[in-house]
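Chain residues, written in single-letter form:
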Amino acid sequence: MFRPGGLFEQVPCPQSTQCSLLTCVFSHKDNSLPMALKRASTSVEKPNNAIEQPPKRQKVPNSIWPEVKPPSSNTTPSTTKSKAPASNPTKIDTVASPDVDDSLKHPPRKAPKENLNPRMIPKSPAPHSVRTTILNKVHWAMSTMNEKLKKDKNNTNKSLILSENELVIMALDEEERAAKQSLYSNIIRSRVLKLTRMNLKEWAEEVMDHLYKRYYKTKPIQSKINEAPKPIETGLSKSEEIALVKMLITPLAGLEEFGYNTKAPSAAEVETAKETIAYCKGWEKCDRCGGRFQVFPGRREDGALTGGGLCTHHPSRPTYPLRKKTDTVTGSSGPIYPCCNEPVSTSSGCTKANDHVFKISEVKFLSAVLPFETTPTQPDKGSLEPVSFDCEMGYTTLGLELIRLTAVSWPENRELLDILVRPFGEVLDLNSRYSGVFPEHYASARPYGTPIGGEGKPSSLQVVESPAAARDLLFKLLQPDTPLIGHAIENDLNACRIIHPTVIDTVILYPAGPLPSRHKLKFLAYKFLDREIQMGGQQGHDSKEDSIATGDLVRVKVRDIWKRLQNQGWTFVKGELVAPPGQGEEDLKMELHRGRLTKPKSK
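Residues numbered from 1 in each chain as written. Predicted model: local features only at pLDDT ≥ 70, side-chain atom pairs only at ≥ 80, totals over all residues. Heavy atoms only, no water.

This paragraph deals with the pattern of salt bridges. In this structure the tally under the stated criterion is 25 salt bridges. Between Lys180 and Glu176 there is a salt bridge, with its nearest N and O atoms 3.5 Å apart. For Glu176, a relative accessible area of 17% puts it in the buried group. The residue Arg414 makes a salt bridge to Glu412 at a minimum N-O spacing of 2.6 Å. The exposure class assigned to Arg414 is partly exposed, which follows from its relative accessible area of 40%. Glu412 sits in the partly exposed class, given a relative accessible area of 43%. One salt-bridge network, in which partners are shared between bridges, spans Glu114, Arg119, Asp173, Glu176 and Lys180. (Salt bridge = Lys/Arg side-chain N within 4 Å of Asp/Glu carboxyl O. Buried < 20%, exposed > 50% of the residue type's maximum accessible area, 1.4 Å probe, protein only.)

Let us now look at unusual backbone geometry. Here Trp410 and Pro411 are connected by a cis peptide whose omega angle stands at 10 degrees. Put simply, Leu515 and Pro516 share a cis peptide bond, and its omega is 15 degrees. With a phi angle near 75 degrees, Arg299 is a residue other than glycine that sits in the positive phi range. Among the residues examined, Arg299 registers a relative accessible area of 47% and is labelled partly exposed. Phi at Asp530 takes a positive value of approximately 55 degrees, unusual for a residue other than glycine. Structurally, Asp530 can be placed in the loop between helix 16 (521-528) and helix 17 (543-568). For Asp530, a relative accessible area of 21% gives the class partly exposed. (Helix = DSSP H or I, 4+ residues; strand = E, 2+ residues; numbered from the N terminus.)

What follows covers the side chain of His313. Tracing the chain through its elements places His313 in strand 3 (residues 311-313). Judged by relative accessible area, which is 6%, His313 ranks as buried.

Glancing now at the packing of helix 3 (residues 128-151) against helix 4 (residues 164-179). Where helix 3 contacts helix 4, the two axes come as close as 9 Å, and the packing angle between them is 130 degrees. When the axis of helix 3 is compared with that of helix 4, the two are oblique. Judged by the twist between their axes, the crossing of helix 3 over helix 4 is right-handed. Here Arg131, Leu135, Val138, His139, Met142, Ser143 and Asn146 of helix 3 lie close against helix 4, whose contacting residues are Glu164, Leu167, Val168, Met170, Ala171, Leu172, Glu174, Glu175 and Ala179. For the contact of helix 3 with helix 4, the class distribution of residues is nine nonpolar, three polar and four charged. (Axes fitted to C-alpha atoms, helices over the stretch in contact; angles between N-to-C directions. Parallel < 35°, antiparallel > 145°, perpendicular 65-115°, else oblique. Left-handed = near helix turned anticlockwise from the far one by under 90°. Contact = heavy atoms within 4.5 Å. Nonpolar A, V, L, I, M, F, W, Y, C, P; charged D, E, K, R; others polar.)

So, about the packing of aromatic side chains. Centre-to-centre distance and the angle between the planes together describe a pair of aromatic rings. Across all of its chains, the model carries three aromatic pairs by this definition. One cation-aromatic arrangement involves Lys557 over Tyr510; the distance from NZ or CZ to the ring centre is 4.4 Å. (Phe/Tyr/Trp six-rings, centres within 6.5 Å; stacked < 30°, edge-to-face > 60°. Lys NZ or Arg CZ within 6 Å of the ring centre and 35° of its normal.)

Summed over the entire model, instances satisfying the criterion amount to five cavities of 30 Å³ or more. Estimated volume of the second largest cavity: approximately 60 Å³. Its residues assigned to classes, the lining of the second largest cavity shows seven nonpolar, no polar and two charged. (1 Å grid on protein atoms, 1.4 Å probe; cavity = no way out; pocket = protein on both sides within 12 Å on 5 of 7 lines; lining within 4 Å. Points joined across faces, edges and corners; volume = space filled by probe spheres on them.)

This next bit is on the pairing of strand 9 (residues 399-409). Of all 11 residues in strand 9, 10 are buried; the element is thus mostly enclosed. Note: strand 8 (residues 387-396) against strand 9, 10 bridges, orientation antiparallel. Bridge pairing links Phe389 to Ala407 in strand 9. Connecting the antiparallel pair strand 8 and strand 9 is a turn made up of two residues. Bridge count between strand 9 and strand 10 (residues 415-421): five bridges; the pairing is antiparallel. Bridge assignment links Ala407 to a residue of strand 10, and that residue is Leu417. Counting the residues in the hairpin turn of strand 9 and strand 10 gives five residues, including Asn413, whose phi is positive at 60 degrees. (Pairing = 2+ DSSP bridges.)

Another point: the side chain of Asp418. Structurally, Asp418 can be placed in strand 10. In this structure the side chain of Asp418 is engaged in a polar contact, spanning 3.0 Å, whose partner is the side chain of Arg404. There is a polar contact of 2.8 Å between the side chain of Asp418 and the side chain of Thr406. Ignoring any residue separated from it by four or fewer positions in sequence, one finds Asp418 in contact with Arg404, Leu405, Thr406, Leu461, Gln462, Ser543 and Lys544. (Polar contact = N/O pair within 3.5 Å; in protein donor to acceptor, adjacent residues only side chain to side chain.)

Looking at the element boundaries, Tyr442 is found in helix 12 (residues 439-444). Taking relative accessible area as the criterion, Tyr442 reaches 15% and is therefore assigned buried. Here the alpha-carbon distance between Tyr442 and Val421, two residues 21 residues apart in the chain, equals 8.9 Å. Residues within four places of Tyr442 in sequence aside, it is in contact with Ile403, Leu420, Val421, Arg422, Pro423, Leu430, Val437 and Val463. At a separation of 2.6 Å, a polar atom in the side chain of Tyr442 contacts the main-chain carbonyl oxygen of Val421.

Coordinates in, geometry out; function isn't part of it.
If you want it as structure tokens, here you go:
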């Protein structure tokens with residue numbers, strides 16, 4: 001007869017209690033024993049003097065329960081063998097339970113064995129060989145810190161010493177986390193540098209966070225995007241910081257070719273721009289795929305806003321992969337698109353959109369949609385505190401327009417203004433991948449000035465009816481001499497159509513080289529603030545988060561400059577900056593801005 005292999009264990013026996021088989025392949029759980037087994041059990045009689053033994057208790061491993069002290073010698077045998085009910089306290093043995101060791105509060109760590117090989121992700125930011133080299137550096141830096149912690153005599157928590165498998169997993173997690181971000185090479189290099197300069201206390205905190213996140217999962221570890229920003233200690237009062245930040249004002253003269261607008265175009269230039277727009281009849285060049293298409297403001301007869309078919313493009317800008325040692329022989333690799341890791345020379349696009357989009361950069365064409373205005377003077381308000389602000393833009397039938405504006409006070413980061421903006425043109429693409437603004441935000445927004453509902457109800461953003469209305473609200477926070485802080489601030493000022501004479505641009509405070517070269521805000525926040533921002537992925541950026549990070553970058557620069565000025569003999573007297581003999585504020589400004597505004601050499 002064939003072996004059933006347990007195929008019929010869950011099937012009730014058709015014969016039920018009438019089954020005569022000694023080993024039936026069917027289930028008899030819900031039935032009494034088969035007749036044959038009953039006969040077999042009754043045929044064997046127990047001897048008269050046999051004593052029925054109680055079943056043996058299973059041994060409980062010591063790793064689960066703490067060891068219990070044995071009862072005292074005066075305890076009667078009856079109390080040790082049986083457990084009295086809780087209602088009779090006289091028969092309960094009162095044994096003091098020892099404190100449970102910390103190692104018993106969590107299950108033992110069981111690290112799976114993995115090779116030091118980069119994990120596969122959908123869109124790799126670099127070739128496998130490059131990622132492997134970087135992973136080995138991360139593992140080496142972590143192993144070095146682990147050995148230092150193992151040799152540290154002051155370390156009393158031995159559970160923070162990682163095994164070889166745990167070090168490999170921690171390195172893999174770190175490299176994978178960086179590989180899923182757009183600035184892979186910059187982030188991972190900064191991370192390795194930070195690991196090599198880390199002290200044992202910081203390393204212990206890193207290990208604790210990793211262990212809780214990987215093994216225990218009982219302590220929620222929040223990412224830096226959800227953590228409260230670390231306080232920046234400058235050693236200065238608020239008034240002293242404001243006095244010193246005025247030395248960082250960015251001189252915009254000569255930077256018009258990079259988008260910094262210092263004066264409004266003339267009426268003749270604006271009229272010429274309007275005539276040109278009417279002559280072109282809506283034909284534009286797509287900002288994403290580079291193709292020509294036609295815009296239909298007010299919609300065409302068939303309801304379309306644009307022509308030209310689908311827009312096939314790459315949502316990310318091309319970047320150059322990390323250099324390899326073999327580049328001297330094989331030649332360097334060409335630029336690639338980080339969104340799909342395809343080379344620029346062969347890839348036509350990895351994303352399709354229903355509409356083509358465009359943007360306007362020239363000042364006279366921007367003024368044809370909304371005229372520029374200079375920040376007005378408000379004599380009744382006196383001097384106002386600096387403002388850090390950020391804007392989000394979306395594509396419409398009139399180009400790239402303002403859709404969100406956020407302003408916070410500096411240096412306190414107190415929210416002053418955070419509103420949605422209805423653009424003038426019909427929306428083609430809210431650019432949600434970067435702006436973080438979605439259609440549902442407009443659907444749930446309240447008109448500006450509407451009071452918030454009852455307590456406990458979530459409040460949505462308020463919305464104004466036009467970019468001009470948003471600009472008027474921002475003007476209420478500014479005087480012409482109020483420092484206005486931003487990152488790549490020319491884009492935000494042009495979106496609001498503002499000409500402001502007193503600006504501080506972190507692109508110029510932290511130069512990547514001669515303009516137009518610039519660092520991204522995400523990289524600067526990670527490097528100088530130890531803060532991860534713009535981590536929303538497809539949810540886009542948060543203008544409030546960006547404006548706070550921009551203001552904090554300025555505070556870091558103020559702190560560093562003040563340390564240098566103290567060594568040179570500068571002091572504060574009643575909140576005013578006093579120069580040492582032989583120097584003045586103009587000399588200081590020239591020194592602070594020397595080399596930052598160098599233009600690229602003409603070809």
